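Fold and geometry: a report
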Amino acid sequence: MNAIELLVNDHKTVKKLLEELSATTERALKKRAELLARLEHELQVHTAIEEDILYPALKQAGDKEDAKMYYEAKEEHRTVDALVLPDLLHTQPDTLEFSGRVKVLKELLEHHIEEEESELFPRAKELFDKAMLDKLGQAMQAQKKLLKGDRRAA
């Protein structure tokens, strides 16, 4: 699987988890906690493979505009990872505040996914040939397997 296919599949997983989480009510404590834990892990793994493998390759191969896209995407990750997600994780799942924070997280991630799929990924397809996208995909798959394995061992 090439790098773009792998990341688009991750996006589908994240969007599905966000939809499920958004559809829950304050009474679904256990389900909310479970979905949030799964979402957090998916985001951690996805962010790591993008920031460690795809983004640096894109920045190195591209021009000034690609470098700006690189920094914007990293900043969007930081907003979710350092601000929105930690707050959500410390919010009681049986509150309206939790619902509000899920909505904000969903909107941020949907915006980020849309930008990646409409701007960053097409640019990666311009910069890299099929062999390079396959090579990046293999590296990402290997790192993803390691990161998912680390969680099981923890």
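This text goes with the structure placed above it.
About the criteria used
- Residues numbered from 1 in each chain as written.
- Predicted model: local features only at pLDDT ≥ 70, side-chain atom pairs only at ≥ 80, totals over all residues.
- Heavy atoms only, no water.
- Helix = DSSP H or I, 4+ residues; strand = E, 2+ residues; numbered from the N terminus.
- Rg over C-alpha atoms; globule rule 2.2 N^0.38 Å.
- Buried < 20%, exposed > 50% of the residue type's maximum accessible area, 1.4 Å probe, protein only.
- Contact = heavy atoms within 4.5 Å.
- 1 Å grid on protein atoms, 1.4 Å probe; cavity = no way out; pocket = protein on both sides within 12 Å on 5 of 7 lines; lining within 4 Å.
- Points joined across faces, edges and corners; volume = space filled by probe spheres on them.
- Nonpolar A, V, L, I, M, F, W, Y, C, P; charged D, E, K, R; others polar.
- Salt bridge = Lys/Arg side-chain N within 4 Å of Asp/Glu carboxyl O.

**A look at the overall build of the protein chain**
- Along the backbone of the protein chain there are five helices and zero strands.
- Mapped from its N terminus to its C terminus, the protein chain presents α and β elements in the order α-α-α-α-α.
- Rg of the C-alpha trace for the protein chain: 16 Å, near the compact-globule value of 15 Å for 154 residues, within the 12% margin.
- For the C-alpha atoms alone, the extent of the protein chain along its principal axes is close to 50 × 35 × 20 Å.
- Taking all 154 residues of the protein chain together, the buried fraction comes to 41%.
- Put simply, of all contacts in the protein chain between residues at least 6 apart along the chain, 76% involve residues at least 24 apart.

**Describing empty space enclosed by the protein**
- The full count for this structure, using the stated rule, is two cavities of 30 Å³ or more.
- By volume, the largest cavity amounts to about 80 Å³.
- Around the largest cavity, the lining residues are His 11, Val 14, Leu 43, His 46, Thr 47, His 77, Val 80, Asp 81, Leu 109, His 112 and Ile 113.
- A per-class count over the lining of the largest cavity returns five nonpolar, five polar and one charged.
- For the second largest cavity, the full set of lining residues is Met 69, Glu 72, Ala 73, Glu 76, His 112, Glu 115, Glu 116, Glu 119 and Leu 120.
- For the lining of the second largest cavity, the elements supplying multiple residues, two or more each, are helix H3 (64-89) and helix H4 (96-127).
- By residue number, the principal contributor to the lining of the second largest cavity is H4, which donates five residues.
- Looking at side-chain class alone, the lining of the second largest cavity contains three nonpolar, one polar and five charged residues.

**Let's talk about the pattern of salt bridges**
- Within the structure shown, the criterion is met by 14 salt bridges.
- Taking the shortest distance from any N to any O, the salt bridge between Lys 68 and Glu 65 comes out at 3.3 Å. Highlighted residues: Lys 68 and Glu 65, both in helix H3, separated by three residues, approximately one helical turn.
- On the basis of relative accessibility, which here comes to 49%, the residue Lys 68 falls in the partly exposed class.
- Linking Arg 101 and Glu 97 is a salt bridge whose minimum nitrogen-to-oxygen distance equals 3.1 Å. You can see Arg 101 and its partner Glu 97 sitting in helix H4, four residues apart, about one turn around the helix.
- Classification of Arg 101 by relative accessible area gives partly exposed; the value is 27%.
- Relative accessible area serves as the criterion here: at 46%, Glu 97 is assigned to the partly exposed category.

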